[in-house]
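A structural walkthrough
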Amino acid sequence: MQVQFEDFLNLPEIEVQAVLIENAVIHIHCQSKLPFAYCLHCLKRSEKINQYQVREIRDLPLMGKKVILHLKSRQFICVSCHRYYYERFYFVDSHETVTQRYSESIFKLCNGIELQHIVVIEDLCWQTVNRIFNKQANRLIDKSSSIKPVRRIGIDEIALRKGHKNYVAVIVDLDTATVLDLLEDRSKDFIIRYFNQKGEAFCNQIVLFCSDLWEGYLNAAKEVFPNAMLVTDRFHFFTKLQDCVDVCRRYFRKKYPKDKELINLKWVLLKNEVDLSVEERDLLKKVFAKEEYRLLRETYDSKNGFRDILERHIDQKMANSEIQKWVDGNKLNRFVAHFLEFYERWKEYILNYFRGRYHTSLIEGINNKIKSIKRRAYGFANFQFFRTRVVAAFLHDLH
């Protein structure tokens, strides 16, 4: 029976001495097959034993039952340096109460499930599950940071608690769509310090930085990423033009309050033209056919004209030429004037979009996943724990 359980365990250095099966638990009493151990200090081999201790270690289940290893651990006396040390085992860390393979199994279960559910499923205390998760997650994070250099990053923010305005910055690898880190402080000075701490080599390897229209992000990137092209996100700058259309709609809504056709027109005007239904197209035709709404039609056409330029796969030089033509053709439209001023201010970062067409729209999907992690956690004890949960979740999916 002992031999059979040695085969089940698949731990070559371990000898099974006795097995006791109690209801849902298998107790396996075992010890090392080796008569010696190497000193942890001088690395000399010793066979002189001072005393024993029995460690209770949780392992992977067998036959649907919990497995507890009663591992007899020997304390040796080094014959060279005369120091005392306990033997080490490759399958379990020192002072740990679970084997490495069981720890990895628990960590995999934690992906997508709240830790409290693991406590119930595996019959473990919450502190043990939490310790296992944090240990394995930090190992994964450390390992991933050294595998592949990060070249293109994006940054956005998400609220920790809705309505409290306590935002955190989400840093994303745009090539792998994984969260690199969460920053509790999104101020310019903090972001500069954060990236400087990562070292000159890291900062020099960044070739693209994409963010929204907050100058704190872009100014920080200018300072720490000497080789990076800075891009402002397409969605955020196009929203400014969408706002111009809506201001125009509200102007006519106020001017002609009795015209019912303007009541439900907002989302039709803001919607992508190719996505309009037949009914929505007919509604726009009916409104634009009226001469009094000529300026609304022109503003709507201006928005679509700019979107068409964004959709074309042209280089930066051609985009600059096409947008300038668009600007010249819309200088007399007072509702578009605000966007023209905005474009001149952000022109460099907007045109950089055409050098690779990078944007942060994928971060919106990432933010939704972060929100789901936050909901599953039913709150979290501290920011560092939340950060670890989020970063590890994306790395786990990547692997």
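Preceding this paragraph is the structure being described.
All figures in this text were calculated on a predicted structure; none of them were measured in a lab.

1. Side note on empty space enclosed by the protein
By rolling a water-sized probe across the atoms, one finds the places where empty space is left. What the rule picks out here adds up to two cavities of 30 Å³ or more. For the second largest cavity, the calculated volume is near 60 Å³. Lining the second largest cavity are Asp 93, Glu 96, Val 98, Thr 99, Gln 100, Ser 103, Ile 132, Lys 135, Gln 136 and Arg 139. Elements represented by at least two residues in the lining of the second largest cavity include exactly helix H2 (100–110) and helix H4 (126–144). Examining the composition of the lining of the second largest cavity, we find that four residues originate from one element, H4, more than from any other. Grouping the amino acids of the lining of the second largest cavity by side-chain chemistry returns two nonpolar, four polar and four charged.

2. Details of the nonpolar core
It is characteristic of soluble globular proteins that their nonpolar side chains tend to be buried jointly. In terms of nonpolar packing, the biggest core is built from 51 residues, with Phe 195, Phe 209, Phe 225, Phe 306 and Trp 326 touching the most fellow members. Element by element, the count of residues in this core is highest for helix H13 (residues 337–351), at eight residues. If we skip the residues at most four places from it in the chain, Phe 209 touches Ile 153, Ile 155, Tyr 217, Leu 218, Ala 221, Phe 225, Ala 228, Met 229, Leu 230 and Val 231. In this structure, Leu 115, Phe 133, Leu 182 and Ala 392 belong to the second largest nonpolar core, which totals 35 residues.

3. With respect to the packing of aromatic side chains
For any pair of aromatic rings, geometry is given as the distance between the ring centres together with the angle between the planes. Evaluated as defined, the whole model comprises 26 aromatic pairs. Measuring from centroid to centroid gives 5.9 Å for Phe 209 and Phe 225, while their planes differ by 40°, and the two rings are tilted. Highlighted residues: Phe 209 in strand E11 (residues 208–211) and Phe 225 in the loop between helix H7 (215–224) and strand E12 (229–232), separated in sequence by 16 residues. Of the two residues examined, Phe 209 and Phe 225, each falls in the buried class. Ring centres of Tyr 251 and Phe 252 lie 5.0 Å apart, and the angle between their planes is 80°; on these two criteria the pair is classed as edge-to-face. Exposure remark for Tyr 251: the relative accessible area of 32% places this residue in the partly exposed category. Taken together, the ring pairs in this structure connect Phe 237, Phe 238, Phe 306, Trp 326, Phe 339, Phe 342, Trp 346 and Tyr 349 into an aromatic cluster. For Arg 45, the ring lying beneath its charged end belongs to Phe 36, and the centroid distance is 3.9 Å. Over the face of the ring belonging to Trp 214 we find Arg 186, whose NZ or CZ atom lies 5.8 Å from the ring centre.

4. A word on the sheet that holds strand E9 (residues 167–173)
Spatial ordering of the open sheet is given by E10-E9-E8-E11-E12, a layout of five strands whose pairing is mixed. Each having just a single partner strand, strand E10 (178–183) and E12 make up the two edges of the open sheet. Mean inter-strand twist for the sheet, computed between neighbouring axes without regard to direction, equals 25°. One ladder, built from four bridges, connects E11 with E12; its direction is parallel. Within E12, the residue paired with Phe 209 across the bridge is Leu 230. This element, helix H5 (residues 188–197), spans strand E8 (152–159), E9 and E10 of the sheet and lies at about 125° to E10.

5. Topic: the pattern of salt bridges
Enumeration according to the criterion identifies 26 salt bridges in this entry. Residue Asp 123 pairs with Lys 66 through a salt bridge whose shortest N-O separation is 3.0 Å. Of the two residues, Asp 123 sits in the loop between helix H3 (115–122) and H4 while Lys 66 sits in strand E6 (residues 65–77), which places them 57 residues apart along the sequence. Residue classification places Lys 66 among the partly exposed positions, given a relative accessible area of 23%. Among the salt bridges present, the one from Glu 96 reaches Arg 131, with a minimum N-O distance of 2.6 Å. Residue Glu 96 is located in the loop between strand E7 (84–86) and H2, and its partner Arg 131 is located in helix H4; the two are separated by 35 residues in the primary sequence. Of the residues examined, Glu 96 reaches a relative accessible area of 10% and is grouped as buried.

How each quantity is defined
Residues numbered from 1 in each chain as written. Predicted model: local features only at pLDDT ≥ 70, side-chain atom pairs only at ≥ 80, totals over all residues. Heavy atoms only, no water. 1 Å grid on protein atoms, 1.4 Å probe; cavity = no way out; pocket = protein on both sides within 12 Å on 5 of 7 lines; lining within 4 Å. Points joined across faces, edges and corners; volume = space filled by probe spheres on them. Helix = DSSP H or I, 4+ residues; strand = E, 2+ residues; numbered from the N terminus. Nonpolar A, V, L, I, M, F, W, Y, C, P; charged D, E, K, R; others polar. Core = buried A, V, L, I, M, F, W, Y, C linked by side-chain atoms within 4.5 Å. Buried < 20%, exposed > 50% of the residue type's maximum accessible area, 1.4 Å probe, protein only. Contact = heavy atoms within 4.5 Å. Phe/Tyr/Trp six-rings, centres within 6.5 Å; stacked < 30°, edge-to-face > 60°. Lys NZ or Arg CZ within 6 Å of the ring centre and 35° of its normal. Pairing = 2+ DSSP bridges. Axes fitted to C-alpha atoms, helices over the stretch in contact; angles between N-to-C directions. Salt bridge = Lys/Arg side-chain N within 4 Å of Asp/Glu carboxyl O.

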